[in-house]
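Chain by chain, the residues run as shown.
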Amino acid sequence: MARMRLVHTLVLVAMLVPMDARAANTDPDWPCMQRKVPQLSLGQIWNGPELPRAAKDWSKDSGVSALVEAVAARRTPIAEAQKEIKDYAASLPAEQVAPKMAMLVQGMFDHMDAERSHVISGISRYAHKQLEMAAELRKEASDVDALRAKADADPDEVERRTDQLNFETRIFNERVQSLTYVCDVPTIIEQRLYQLSRTVSETLGQKK
């Protein structure tokens, strides 16, 4: 019985974080403690001058497009990405600095906001799978309890199903831990985007 109580406890504890998180958000299916913001606005990360319409054509500029890809990659240390931005600005003729930097800001925003939205969609799908797994675990735990209560229950069958339930519960809890990490990713992307945009703003300020 002690093993079964442990199983029930693990399932209940694993479900507490998503339930508390959903209570803190307007989306009842959102599993993260962080508030769900599906998309960012440019004003959240850019406090410089209004970007010209031409900045939206950043993807047509091979140099800017390549730089966006390079600095947006989270595997690139932020200090290295900031240096790449400064080095790129330093390589430009004076009259091209402002328009190219505007394109860079727009490009980073478009690219990283899309990446962030993709991660958020993935989190939602992952959370739905967790809810389905939790329901299956609760049903299986109930079934095993019922089997154990039978006077003529086969001890080997009870042990086999108990071991299987413990294994599946462990997988479930490992997925909960993974979800905790993944929930941080949208914030990490947002913070990186803000830091890189601030680097652009500082670089433009130095060029005046």
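Residues numbered from 1 in each chain as written. Predicted model: local features only at pLDDT ≥ 70, side-chain atom pairs only at ≥ 80, totals over all residues. Heavy atoms only, no water.

Trainee: Got a minute to help me understand the overall build of the protein in this structure?
Mentor: When helices and strands are counted, the protein shows 7 helices and 0 strands. Traced from its N-terminal end to its C-terminal end, the protein shows the element sequence α-α-α-α-α-α-α. Looking at the protein as a whole, 40% of its 208 residues qualify as buried. For the protein, restricting intrachain contacts to residue pairs at least 6 apart in sequence, the fraction spanning at least 24 positions comes to 78%. Surface summary for the protein: the accessible area is close to 12,100 Å², and the carbon and sulfur share equals 54%. (Helix = DSSP H or I, 4+ residues; strand = E, 2+ residues; numbered from the N terminus. Buried < 20%, exposed > 50% of the residue type's maximum accessible area, 1.4 Å probe, protein only. Contact = heavy atoms within 4.5 Å. Areas by Shrake-Rupley, 256 points an atom, 1.4 Å probe, with all protein chains shown as cover.)

Trainee: Got a minute to help me understand the state of the cysteines in this structure?
Mentor: Here a disulfide denotes one covalent bond, and it connects the sulfur atoms of two cysteines. Under the criterion given, the structure shown has 1 disulfide. Note on cysteine connectivity: Cys 32 is disulfide-linked to Cys 183, with sulfurs 1.9 Å apart. Handedness here is read from the sign of the S-S torsion; for Cys 32 and Cys 183, about -75 degrees, the answer is left-handed. Taken as a pair, Cys 32 in the loop between helix H1 (2-23) and helix H2 (42-45) and Cys 183 in the loop between helix H6 (155-182) and helix H7 (185-207) lie far apart in primary sequence, 151 residues in all. A single burial state applies to Cys 32 and to Cys 183, both of which are buried. (Disulfide = S-S within 2.5 Å.)

Trainee: Just to check I follow, could you spell out the nonpolar core for this structure?
Mentor: If you look at soluble globular proteins, the nonpolar side chains tend to sit buried side by side. Ranked by internal contacts, the top residues of the largest apolar core, which has 38 residues, are Ile 85, Met 101, Leu 104, Met 108 and Val 200. Looking at this core, the element that brings in the most residues is helix H5 (residues 94-149), giving 12 residues. The residues contacting Ile 85, other than those within four sequence positions of it, are Leu 67, Val 71, Met 101, Leu 104, Met 108, Leu 196, Thr 199 and Val 200. Of all hydrophobic cores here, the second largest spans 8 residues; its members include Leu 137, Ala 141, Leu 165 and Phe 172. (Core = buried A, V, L, I, M, F, W, Y, C linked by side-chain atoms within 4.5 Å.)

Trainee: Can you help me understand the environment of Asp 61 in this one?
Mentor: Its place among the elements puts Asp 61 in the loop between H2 and helix H3 (62-72). On the basis of relative accessibility, which here comes to 15%, the residue Asp 61 falls in the buried class. For Asp 61 and Leu 104, which are 43 residues apart along the polypeptide, the C-alpha to C-alpha distance reads 9.8 Å. In contact with Asp 61, other than residues within four places in its own chain, are Tyr 88, Lys 100 and Met 103. Side-chain polar atoms of Asp 61 contact the backbone nitrogen of Val 64, separated by 2.9 Å. (Polar contact = N/O pair within 3.5 Å; in protein donor to acceptor, adjacent residues only side chain to side chain.)

Trainee: Mind showing me how you'd approach the pattern of salt bridges here?
Mentor: For side chains of opposite charge, pairing can occur when their charged atoms come near one another. Inspection of the entire model under this criterion finds 8 salt bridges. A salt bridge links Arg 160 to Glu 157; the shortest N-O distance between them is 2.9 Å. Separated by 3 residues within a single helix, Arg 160 and Glu 157 lie in helix H6, roughly one turn from each other. (Salt bridge = Lys/Arg side-chain N within 4 Å of Asp/Glu carboxyl O.)

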